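Commentary on secondary and tertiary structure
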Amino acid sequence: MSLKTVAPVPPGVSDDRERWNEKYADADFTLPEEPIPELERRIGTLPEGRALDVATGDGRNAIFLAECGYDVDAIDVADAALERAAERADRRGVEVNWIRADVEEHTFEREAYDLVTVSFFAALGLLPELKEALAPGGVLVYEHHLRSSERAEVGPSSDRYRFRSNDLLRACLDLTVMYYEERRRSVIGGDAAVATVVARNSAGGTQSYPRLERVGSTDGTPDEESP
Ligand SMILES: C[S@@+](CC[C@H](N)C(=O)[O-])C[C@H]1O[C@@H](n2cnc3c(N)ncnc32)[C@H](O)[C@@H]1O
């Protein structure tokens, strides 16, 4: 198990680190083991190469990407999260470059990643840097909780850490937005309202688009061409 520490956090500087380490110290605090559904659904259409998973937690997206052949960097502020993640990766026989750092302190490599994933971490302010970290043609897959008029069963206790409708979409309009959705779906522990975006670091009127099967298709056949 390899844990790399970038930008050591002096005592008292990162409240996030302390807060999240406490959460992970509770054996009842669990996160899903599977990657976020849109990442799994699209994996065959995404550019191969290097991937970055931001706020990886116990590494579900990072481990999935490593299993799919990506060279993965995964960053999280919580030592306890990365210990869990590294143990799980060891059990599954894959290598991930685990980076313990606060994203606010971290310098992201520019134009380095073919794929950047973020799930259930509010980081709109960080998006300019994450977009710069995308290689040309690289894709961002981002999912996070939304403010919702239905009572939230899971997710942040405060709306402060939830996106408003279209926040994520608006923040990605300088990329090619290939998919955007706001919906309720079940996540571990209950139902959640989420926004999901898949957006590519590309521009221009004439681009190449992946062929994807219809959501919920049971036979795996691709969509028929419309007349
Ligand atoms: C709700 S968990 C989501 C984990 C994972 N992305 C998933 O979907 O399973 C949020 C994660 O963000 C991490 N985190 C919080 N603040 C952070 C920061 N400033 N820098 C890096 N990671 C942070 C926490 O340690 C935690 O693992």
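What this report covers is the structure whose coordinates are included nearby.

Cut-offs and rules
Residues numbered from 1 in each chain as written. Predicted model: local features only at pLDDT ≥ 70, side-chain atom pairs only at ≥ 80, totals over all residues. Helix = DSSP H or I, 4+ residues; strand = E, 2+ residues; numbered from the N terminus. Buried ≥ 20, exposed ≤ 12 C-beta atoms within 10 Å, placed from the backbone. Contact = placed C-beta atoms within 7 Å. Near = placed C-beta within 6 Å. Nonpolar A, V, L, I, M, F, W, Y, C, P; charged D, E, K, R; others polar. Pairing = 2+ DSSP bridges. Core = buried A, V, L, I, M, F, W, Y, C linked by C-beta atoms within 7 Å. Axes fitted to C-alpha atoms, helices over the stretch in contact; angles between N-to-C directions. Parallel < 35°, antiparallel > 145°, perpendicular 65-115°, else oblique. Left-handed = near helix turned anticlockwise from the far one by under 90°.

With that out of the way, let us pick up the overall build of the chain. A tally of regular secondary structure across the chain gives 6 helices and 8 strands. Along the chain, from the amino end to the carboxyl end, the secondary structure elements read β-α-α-β-α-β-α-β-β-α-β-α-β-β. Residues classed as buried in the chain amount to 36% of the 227 residues present. In the chain, of all internal contacts separated by at least 6 residues, the share reaching a separation of at least 24 is 66%.

The subject of this paragraph is the site of the ligand. Close contacts around the ligand come from 18 residues, with Trp20, Ala55, Gly57, Val77 and Ala78 the closest. In terms of residue class, the shell around the ligand is built from 10 nonpolar, 3 polar and 5 charged.

With respect to the helices, strands and loops of the structure, Pro32 is situated in the loop between α1 (15-25) and α2 (37-42). For the pair Pro32 and Gly189, spaced 157 residues apart in sequence, the C-alpha separation works out to 9.3 Å.

It is worth spelling out the environment of Ala62 at this point. Checked against the element boundaries, Ala62 lands in helix α3 (residues 60-67). For the pair formed by Ala62 and Asn97, sequence separation is 35 residues and the distance between their alpha carbons is 9.3 Å. With residues near it in sequence (within four places) discarded, Ala62 still touches Asp53, Thr56, Val72, Ala74, Ala85 and Val96.

We now examine the pairing of strand β7 (residues 176-187). Where β7 meets strand β8 (residues 190-200), 11 bridges bridge the pair, whose relative direction is antiparallel. Within β8, the residue paired with Val187 across the bridge is Gly190. The loop that links β7 with its antiparallel partner β8 comprises 2 residues; one of these, Gly189, has a positive phi angle of about 90°.

A separate point is the nonpolar core. Within the largest apolar cluster, 55 residues are counted, with the highest numbers of intra-cluster contacts made by Val116 and Leu140. It is β8 that provides the largest number of residues to this core, a total of 7 residues. Residues in contact with Leu140, not counting those within four places in the same chain, are Val116, Leu130, Lys131, Leu134, Cys172, Leu175 and Ala199.

What follows is about the packing of α3 against helix α4 (residues 79-92). The contact between α3 and α4 brings their axes to 10 Å, and the two run at 25°. The orientation of α3 relative to α4 falls into the category roughly parallel. Every pair of crossing elements has a handedness; the one defined by α3 and α4 is right-handed. For the pair α3 and α4, contact is made by Ala62, Ile63, Ala66 and Glu67 and by Ala85, Arg88, Ala89 and Arg92, respectively. Tallied by class, residues from the contact of α3 with α4 come to 5 nonpolar, no polar and 3 charged.

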